[in-house]
Amino acid sequence: MTNLLEEALDAWGFARDGVIDEIRNLPEKDMAFRPGEQSRTVAELARHVLESGGLMAGELSRPDGDFQRKSYEELLREHGRGSARLLSRRKLLDELRRRHAEGAVRIRKAGEIHMLQLIRRFDGKMGTRLAWMHHGISHEEYHRGQIALCARLAGRTPALTKRIEGSD
């Protein structure tokens, strides 16, 4: 890696690719799988990753970025750009790839020095944009795990498990 920003972007790419792999591993019918009454479906998890990833890239790259600039729901709507209308597995996969690429360009354009500057987090505390980017990466990995668990509960082997076992 050439710098801390490129290292973080690489980690985000790895996390997003993992989410994409887990969704690609499931048939269309499993996109509606919901493990419990209060749980999101796989498609809802994918849309949430799109929205929150857009929110992360959007606020971190803005000169006036602030995670309390608006309510959480308003920030998701602002940065989600029509994610709620994405219903098919194919469209979700396409958008996960496309929006990640767009977000990476925005963050890279903002630059490493910008990413070392402070931003107000959701909890009101200040932290570097780069540290908060790592929080966003962890958030995507968390939802990747949920999608993998949905695969298990639907009777399928998660994509990462297949890769580890050499059966993908």
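Our structure is the block above this text.
Notes on the structure in this doc start here. Keep in mind the model is a prediction, meaning the values are calculated, not measured.

1. Digging into the overall build of the protein chain
Step number 1: The helix and strand tally for the protein chain stands at seven helices and two strands.
Step number 2: Helices and strands appear in the protein chain in the N-to-C order α-α-α-α-α-β-β-α-α.
Step number 3: For the protein chain, the C-alpha atoms occupy an extent of roughly 45 × 35 × 25 Å along the three principal directions.
Step number 4: In the protein chain, buried positions account for 45% of the 168 residues.
Step number 5: Summarising the internal contacts of the protein chain: among those between residues at least 6 apart in sequence, 67% fall at separations of at least 24.
Step number 6: For the protein chain, the accessible surface area stands at approximately 8800 Å², while carbon and sulfur atoms represent 53% of it.
Step number 7: Side-chain charges in the protein chain split into 30 positive and 26 negative, and the spacing between the mean points of these groups amounts to 3 Å.

2. Some words on the packing of helix H1 (residues 4-24) against helix H6 (residues 129-153)
Step number 1: The interhelical angle for the contact between H1 and H6, taken along N-to-C directions, is 15°, at an axis separation of 9 Å. For the element pair H1 / H6, the angle class is roughly parallel. As for how H1 packs across H6, the hand of that crossing is left-handed.
Step number 2: In terms of residue class, the contact of H1 with H6 is built from 15 nonpolar, two polar and five charged.

3. Some details on a nonpolar patch on the surface
Step number 1: Side chains of Leu4, Ile113 and Leu116 sit close together on the surface and give an oily, nonpolar patch of about 290 Å² of accessible area.
Step number 2: In this fold, Leu116 is placed in the loop between helix H5 (112-115) and strand S1 (118-120).

4. Some points on the pattern of salt bridges
Step number 1: Counting across every chain of the model gives 20 salt bridges.
Step number 2: The shortest N-O distance in the salt bridge between Arg156 and Asp30 comes to 2.3 Å. Of the two residues, Arg156 is situated in the loop between H6 and helix H7 (159-165) and Asp30 in the loop between H1 and helix H2 (42-61); the sequence distance between them amounts to 126 residues.
Step number 3: Given the relative accessible area of 6%, Asp30 is considered buried.
Step number 4: The partner of Glu59 in a salt bridge is Arg69, with the nearest N and O atoms 2.4 Å apart. You can see Glu59 sitting in helix H2 and its partner Arg69 sitting in the loop between H2 and helix H3 (72-80), a full ten residues away along the chain.
Step number 5: On the accessibility criterion, Arg69 (26% relative accessible area) is partly exposed.
Step number 6: Salt bridges here are not isolated pairs; linked through shared partners, they connect Glu59, Arg62, Asp64, Arg69, Lys70 and Glu78.

5. Notes on H6
Step number 1: The end-to-end C-alpha distance of H6 is 36 Å, a good match for the 36 Å that 25 residues give at a rise of 1.5 Å each.
Step number 2: Remark: Gly155 follows H6 within two positions and exhibits a positive phi of approximately 85°.

Rules used throughout
Residues numbered from 1 in each chain as written. Predicted model: local features only at pLDDT ≥ 70, side-chain atom pairs only at ≥ 80, totals over all residues. Heavy atoms only, no water. Helix = DSSP H or I, 4+ residues; strand = E, 2+ residues; numbered from the N terminus. Buried < 20%, exposed > 50% of the residue type's maximum accessible area, 1.4 Å probe, protein only. Contact = heavy atoms within 4.5 Å. Areas by Shrake-Rupley, 256 points an atom, 1.4 Å probe, with all protein chains shown as cover. Lys, Arg positive; Asp, Glu negative; His and termini not counted. Charge placed at Lys NZ, Arg CZ, Asp CG, Glu CD. Axes fitted to C-alpha atoms, helices over the stretch in contact; angles between N-to-C directions. Parallel < 35°, antiparallel > 145°, perpendicular 65-115°, else oblique. Left-handed = near helix turned anticlockwise from the far one by under 90°. Nonpolar A, V, L, I, M, F, W, Y, C, P; charged D, E, K, R; others polar. Patch = residues over 30% accessible without salt bridge, like charges linked within 9 Å, V, L, I, M, F, W, Y side chains within 5 Å. Salt bridge = Lys/Arg side-chain N within 4 Å of Asp/Glu carboxyl O. Expected span 1.5 Å × (residues − 1).

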